[in-house]
Amino acid sequence: TISGVVAGGRRVERGLRELRSEWEEEVDALIADARADVELAVRDVEDAIEAQRSEVRRATETFNAQWIGQGRGEGRRGGGANVTAFNLTAWAARGGGGGLAKYLAETQDNIRSIEEDLEADLSDFKARWAVTAARLEYLPQELPKLRTLASVRAYVADTIFEGGTLPLVRRARRRASSPSGESDQPTKAPAKDYAKLKDPLGVRLAAAQGDVLRPTPDSDLRSGGRRLAILTTAALPWMTGTAVNPLLRAAYLAAKGYPVTLYVPWLPKQDQLLLFPRGLAFDKPAQQEAYSRWWLSNRANVEPPPSLRIRWYPANYEPGIGGIIQSGKIDLAALVPPEERDVAILEEPEHLNWYHHGSRWPELYRHVVGVAHTNYLQYSRLQYPGLEGQLKESWMELLNAVVCAAYTDVVVKLSPTLVDVPGHNLVCNVHGVRGEFLAVGAQAARNAGSFFDRGAYFLGKALWTKGYRELLDALAAHSPAGGDAPLPPLHTFGSGPDEDAIRSEVERLGVDVVTHEGIDHAHPSMHGYSLFVNPSTSDVLCTATAEALAMGKKVLIPDHPSNLFFKQFSNAILYDDPAQLGSLISEALATPPAAMTKMEQYALSWEAATERLLDAAALPAGTRRPKERPLHSLAYGVHYTMGTQPLCDVLRVASGVRPVFSVEERLRAAVGLATGDRGDSDGEKGVVEVGSSGGGGGGGEEMGTATTVGGGGTAMAVGAAWFEVTGPRKNLRMAARFLPFLSRIGQ
């Protein structure tokens, strides 16, 4: 009936309403749960961000506390007497450090002005030289000798910039030679003897080979749109040169407008605790990156531009070689995304590539530049005396030549102390000093009469090889009893493995030396010293010497290839005979240092170092890339083959580095091979793959090496495990006999 239908409809409507109500309640509950989950996730993210910020704040506060606390410990004088510590509070009360920010700004303005003028002159010179190159009668007499961009830069600085009148460039700059704080005066045109002129930009030796006034398109880093990837072997807060200098290089290149990505190693916590200053360790790369950016802003006075990115690759500290290397399966060349592979700058190309058996850098990048920092041959010779050291030095020289030939287009050496490597390599100092050192120098120039109130000092890591032996011997040979004038106390600053032995030797010799723990060279307690004495010849180019010059001090250094760059500075005193050291200290302390010229300030700056790098990286027009030369391709093939197992692990262990495969893994593989379990489906290939084999191009981001254990694989695997267990020093001596023995077993 109709009433029944109506009643049924009402029941259906009531059921739908109830169903909708239940559904809406369930939806509301789901929304509430989702909102709660989102709020919880947001709080977790906020907590994580705050935790990272707190960690960075803690790290920076720890660094500041340690930095300020430097110099408070008492120094130890020969004979055991203590010397009163530097009083930072009293120094500040006397106005110490006052106006340093003003001097920093003034110095940066000077550098910027010189850079703009010099680059404008250089551009005019190059443009007009190119136009009139066919008409040599109109060119200055010296011009035909100019065969590189570096020599042109030096010529412009010596002539046009110094005020000489040339047919090609009418403008003359006269700011460069006036001391900091004095009015600008015209300078006399330079002498005609080009070879005797100073080298205000540090590039004279970069003119050694090739005509790079017109570089190849791929090597022209001054052309627009270039992307730079800088890879190095260390990161802050480890205050080593390969951590500090690449970070500053990346920051200054980014400040010039280049898109720059800096690739640095990420270490496990236990390695951080071993290398980093006490209390500075990080749980995440983002925290360490934040600290590095804070250091750039607060210690280096460089605001990290947005175009500077920092990325990390897994690595480990290897005590056997005293350095950091990438984890076993990482292909460094393939870490950079394909769209960013334009220019690769390899800081320490030897170190980066010793254990890199993956992609070939020049196959992936348009241009590859290596910057050689360290004299590894000398370290090998000094670390291992006798025949063992000679063998290791020879092996290191061969290995460095192989990897540089295989993986670089240009190698820039900081000084002539480094041996030549195959291909295009040249000498050019492409490092600068932090702005705070130049600011101290500018302050000293304005207050020369009262600024330098202390005597002579030496600063370096407490290792005999850093110059302590030469210093103490020279001071001991200076005898007041024999008629030599008595010397004032000389202060040394350095911490390290030989610290106690150095102090004991000071007491034994009875020399008037005050020893202190290591300290930051920019610390206020170092400002008042007027003379930096550095007899070391073990450095490629001593950063401490450059910093001392930047602070307006005199430097007393041996006439050695490592000090070639410093010869041009008015406050540099060079000696040939260590016996001269004592008398030269007395002479140097008798008069205050000379005020630096603005060109000297510029030459020491990172702005000038960056310009030098852009010039030094160029290949002469028409030059074939090294990768196209048969011997360089052979070098890559040899080094890539060295990555096959078990030879790879044999070489790693022999050099003191942990193997890719542990003893347990290798013995397990040996047992599997002996029982017929080869790890492959058909039991015939005898190959265990780890990651990808690499090849000459492409590759993934984590590319390992192929492990081939066929043909006597059991003996080779067991032998490699034995080789690891017995220790690297013994292995180095027995390697030559061990490898033929394994080959005979395999046959």
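Quick caveat, the model's predicted, so the values are computed rather than measured. (Residues numbered from 1 in each chain as written. Predicted model: local features only at pLDDT ≥ 70, side-chain atom pairs only at ≥ 80, totals over all residues. Heavy atoms only, no water.)

*Asks:* An account of the sheet that holds strand E4 (residues 260-266) is requested, with residue identities and associated values reported.
*Replies:* Here we have eight strands laid out as an open sheet, ordered E6-E5-E4-E3-E7-E8-E9-E10, and mixed in their pairing. Strands at the two margins of the open sheet, each flanked by one partner only, are strand E6 (323-326) and strand E10 (424-427). Averaged over all adjacent pairs, the angle separating strand axes in this sheet is 25 degrees, with direction ignored. Both strand E9 (residues 410-413) and E10 contribute to a ladder of four bridges, which runs parallel. Across the sheet, residue Val411 finds its bridge partner in E10, namely Asn425. (Pairing = 2+ DSSP bridges. Helix = DSSP H or I, 4+ residues; strand = E, 2+ residues; numbered from the N terminus. Axes fitted to C-alpha atoms, helices over the stretch in contact; angles between N-to-C directions.)

*Asks:* I'd like to hear about the environment of Val343, residue by residue, with values.
*Replies:* Mapping Val343 onto the fold places it in strand E7 (residues 343-347). The spatial distance from the C-alpha of Val343 to the C-alpha of Ile230 is 8.5 Å, given a sequence separation of 113 residues. The residues contacting Val343, other than those within four sequence positions of it, are Leu221, Arg226, Arg227, Leu228, Ala229, Tyr365 and His367. (Contact = heavy atoms within 4.5 Å.)

*Asks:* Outline the environment of Ile585, listing residues and values.
*Replies:* Locating Ile585 in the fold gives a position in helix H17 (residues 581-589). Along the backbone, Ile585 and Val555 are 30 residues apart, and their C-alpha atoms lie at a distance of 9.8 Å. In this structure Ile585 touches Ala456, Leu475, Leu487, Leu490, Leu531, Val533 and Leu556, once residues within four positions along its chain are discounted.

*Asks:* Can you tell me about empty space enclosed by the protein, naming the residues and giving the values?
*Replies:* Throughout the structure, instances matching the rule amount to nine cavities of 30 Å³ or more. Estimated volume of the largest cavity: approximately 140 Å³. Taken together, 15 residues line the largest cavity, and the ones lying closest to its centre are Glu350, Asn400, Leu418, Val419 and Val421. Those elements that place two or more of their residues in the lining of the largest cavity are helix H10 (376-383), helix H11 (386-407) and E9. No other element matches the three residues that H11 contributes to the lining of the largest cavity. Per-class residue counts for the lining of the largest cavity are eight nonpolar, four polar and three charged. (1 Å grid on protein atoms, 1.4 Å probe; cavity = no way out; pocket = protein on both sides within 12 Å on 5 of 7 lines; lining within 4 Å. Points joined across faces, edges and corners; volume = space filled by probe spheres on them. Nonpolar A, V, L, I, M, F, W, Y, C, P; charged D, E, K, R; others polar.)

*Asks:* Any details on the pattern of salt bridges? Residues and values, ideally.
*Replies:* The full count for this structure, using the stated rule, is 27 salt bridges. The partner of Lys256 in a salt bridge is Glu611, and the shortest N-O contact between them spans 2.7 Å. Separated by 355 residues along the polypeptide, Lys256 in the loop between helix H5 (241-255) and E4 and Glu611 in helix H19 (residues 606-616) bring together distant segments of the chain. Its relative accessible area of 38% is what places Lys256 among the partly exposed residues. One salt bridge connects Asp420 with Lys413, and the closest N-O pair in it is separated by 2.4 Å. The class for Asp420 is exposed, based on a relative accessible area of 58%. Given a relative accessible area of 4%, Lys413 falls into the buried group. One salt-bridge network, held together by shared partners, links Asp218, Arg226, Asp342 and Arg366. (Salt bridge = Lys/Arg side-chain N within 4 Å of Asp/Glu carboxyl O. Buried < 20%, exposed > 50% of the residue type's maximum accessible area, 1.4 Å probe, protein only.)

*Asks:* Can you explain the side chain of His357? Please cite residues and give values.
*Replies:* Looking at where His357 falls in the secondary structure, it is placed in the loop between helix H8 (349-353) and helix H9 (361-364). Exposure remark for His357: the relative accessible area of 9% places this residue in the buried category. A polar contact of 2.8 Å, which involves the side chain of His357, links it to the backbone oxygen of His639. (Polar contact = N/O pair within 3.5 Å; in protein donor to acceptor, adjacent residues only side chain to side chain.)

*Asks:* So what's going on with the pairing of E4? Residues and values would help.
*Replies:* Among the seven residues of E4, seven are classified as buried, and the element is accordingly described as predominantly covered. The sheet contact formed by strand E3 (residues 228-231) and E4 spans four bridges and is parallel. For Leu231, the partnering residue across the bridge sits in E4 and is Tyr263. With H5 bridging E3 and the parallel E4, this β-α-β connection has right-handed handedness. Two strands pair when backbone bridges link them, and E4 and strand E5 (residues 308-318) are joined in this way by seven bridges, in the parallel orientation. Note on E5: the bridge partner recorded for Pro265 is Tyr313. (Right-handed = clockwise from strand over helix to strand, strands pointing away.)

*Asks:* Before we move on, could you go through H19 and cite the residues and values that matter?
*Replies:* Most of H19 is tucked away, with 11 of its 11 residues classed as buried. Among all positions of H19, only Trp606, Glu607, Ala608, Ala609, Thr610, Glu611, Arg612, Leu613, Leu614, Asp615 and Ala616 are buried.

*Asks:* Report on the packing of aromatic side chains, specifying residues and quantitative values.
*Replies:* Enumeration according to the criterion identifies 19 aromatic pairs in this entry. Taken together, a centroid distance of 6.3 Å and an interplanar angle of 90 degrees make the contact between Trp238 and Tyr317 edge-to-face. In this pair, Trp238 sits in the loop between E3 and H5 while Tyr317 sits in strand E5, placing the two residues 79 residues apart along the sequence. Considering the side-chain rings of Trp354 and Tyr355, the 6.5 Å spacing of their centres and the 80 degrees angle between planes classify their relative orientation as edge-to-face. Stacked on the ring of Trp464, the Lys or Arg Arg469 has its end atom at 4.8 Å from the ring centre. (Phe/Tyr/Trp six-rings, centres within 6.5 Å; stacked < 30°, edge-to-face > 60°. Lys NZ or Arg CZ within 6 Å of the ring centre and 35° of its normal.)

*Asks:* Account for a nonpolar patch on the surface, with residues named and values stated.
*Replies:* Nonpolar side chains collect at one region of the surface, where Val12, Leu16 and Leu19 lie side by side and expose about 290 Å² of accessible area between them. The topology assignment puts Leu19 in helix H1 (residues 2-68). (Patch = residues over 30% accessible without salt bridge, like charges linked within 9 Å, V, L, I, M, F, W, Y side chains within 5 Å. Areas by Shrake-Rupley, 256 points an atom, 1.4 Å probe, with all protein chains shown as cover.)

*Asks:* Would you mind going over the nonpolar core in detail, with residue names and values included?
*Replies:* Ranked by internal contacts, the top residues of the largest apolar core, which has 152 residues, are Trp295, Trp361, Ile585 and Leu604. Element by element, the count of residues in this core is highest for H5, at nine residues. (Core = buried A, V, L, I, M, F, W, Y, C linked by side-chain atoms within 4.5 Å.)

Just distances and angles here, no functional claims.
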